[in-house]
Each structure stands twice: as structure tokens, then as C-alpha cells.
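# Analysis of the macromolecular model
What follows is the residue order along each chain.
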Amino acid sequence: MSYANSPLPTTEDKMVFILTYVRQNVTQATLGCMFQMSQSNVSTWANVLHTVLNQALGAQNLLPARDAATLAQRLRDASPSADDSPFLSMMA
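This section reports on the structure supplied with the text. No experiment lies behind these values; they were computed from the predicted model shown.

Here helix α2 (residues 28-35) has its buried residues at Q28, L31, G32 and F35. Summarising the axial view, the buried residues of α2 lie within an arc of 105°, below the 170-degree limit, and thus occupy one face. Here the buried face of α2 lies against α1 (11-24) and α3 (39-59). Positive phi appears at Q36, one or two residues downstream of α2, with a value of about 55°.

Structure, rendered in C-alpha cells:
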């Protein structure tokens, strides 16, 4: 969704916009001031780019865990065994 006079003309602009929105929890009015956009335009871009971000993270299996059981399983899968970690083997 890009056009000649887009407020977010490059991929980098889009990435900074959506990461600022998601990570900093700023209001849409504040984000509009930061990117020189109306609040309604911020809302449109945020919805589009948030969907794209979720699809990209989902394709790489990097979406956040939504419940404790999923988080616990991911932590078990990601934690190194004592054989792989010199620090854990020293503590054993």
C-alpha cells in the first residue's frame, strides 16, 4: 500500500512506524504528529502494517506465546541442555 505521496514511502519508514506503534504504546494522535499524518491515516496504516507484521512473524514461528503452557513449552525447547552449556554443567 504505497503511492506517490505516501507518508511512509519506504519499507524502513513502515517498519519504524509499526514498531513504534507496537513497542512504545503511543497514542495514534502522537504517532500522527511524529509521522505528520492524521489520526485516521495512522489508524489505517497501523491496521495494515500490524497484519503484515503478524504474518511475517507467524511465517517464522516468532509470534509471542499467548498462554502459559505454550510459553513453558517454548522455554523448554529453547533452553540448552547441561551438556551444551558450560555454565549449567558447572552448577550441577
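Let's shift gears to the packing of α1 against α3. Contact geometry for α1 and α3: axes closest at 10 Å, N-to-C directions at 95°. When the interaxial angle is binned, α1 and α3 end up roughly perpendicular. Seen from α1, the contacting residues are K14, F17, I18, L19, Y21 and V22; seen from α3, they are V42, W45, A46, L49, H50 and L53. The residue inventory of the contact of α1 with α3, partitioned by class, reads 10 nonpolar, 1 polar and 1 charged.

With a phi angle near 55°, Q36 is a residue other than glycine that sits in the positive phi range. Judged by relative accessible area, Q36 falls into the exposed class, the value being 74%. With phi around 55°, N61 is a residue other than glycine that occupies positive phi space. Mapped onto the secondary structure, N61 falls in the loop between α3 and α4 (68-78).

A separate point is the environment of N41. Turning to its location among the elements, N41 is positioned in helix α3. Its relative accessible area of 24% is what places N41 among the partly exposed residues. Taking the C-alpha atoms as reference, N41 lies 9.2 Å from Q28; in sequence the two are 13 residues apart. With residues near it in sequence (within four places) discarded, N41 still touches Y3 and P7.

Soluble globular proteins tend to bury their nonpolar side chains together. Among the nonpolar cores identified, the biggest contains 11 residues, and these are L8, F17, I18, L31, F35, M37, V42, W45, A46, L49 and L53. Looking at this core, the elements that each hand over two or more residues are α1, α2 and α3. No other element matches the 5 residues that α3 contributes to this core. Not counting residues up to four positions away in its chain, the partners in contact with F17 are L8, L31, F35, M37, V42, W45, A46 and L49.

Turning our attention to the side chain of T20. Counting through the fold element by element, T20 comes out in helix α1. Within the structure, T20 has its side chain in polar contact with the backbone oxygen of V16 (distance 2.6 Å). Apart from the residues within four sequence positions on either side, T20 is in contact with N25, V26, L31 and M34.

Parameters and conventions
Residues numbered from 1 in each chain as written. Predicted model: local features only at pLDDT ≥ 70, side-chain atom pairs only at ≥ 80, totals over all residues. Heavy atoms only, no water. Buried < 20%, exposed > 50% of the residue type's maximum accessible area, 1.4 Å probe, protein only. Helix = DSSP H or I, 4+ residues; strand = E, 2+ residues; numbered from the N terminus. Arc of directions from axis to C-beta. Contact = heavy atoms within 4.5 Å. Axes fitted to C-alpha atoms, helices over the stretch in contact; angles between N-to-C directions. Parallel < 35°, antiparallel > 145°, perpendicular 65-115°, else oblique. Nonpolar A, V, L, I, M, F, W, Y, C, P; charged D, E, K, R; others polar. Core = buried A, V, L, I, M, F, W, Y, C linked by side-chain atoms within 4.5 Å. Polar contact = N/O pair within 3.5 Å; in protein donor to acceptor, adjacent residues only side chain to side chain.

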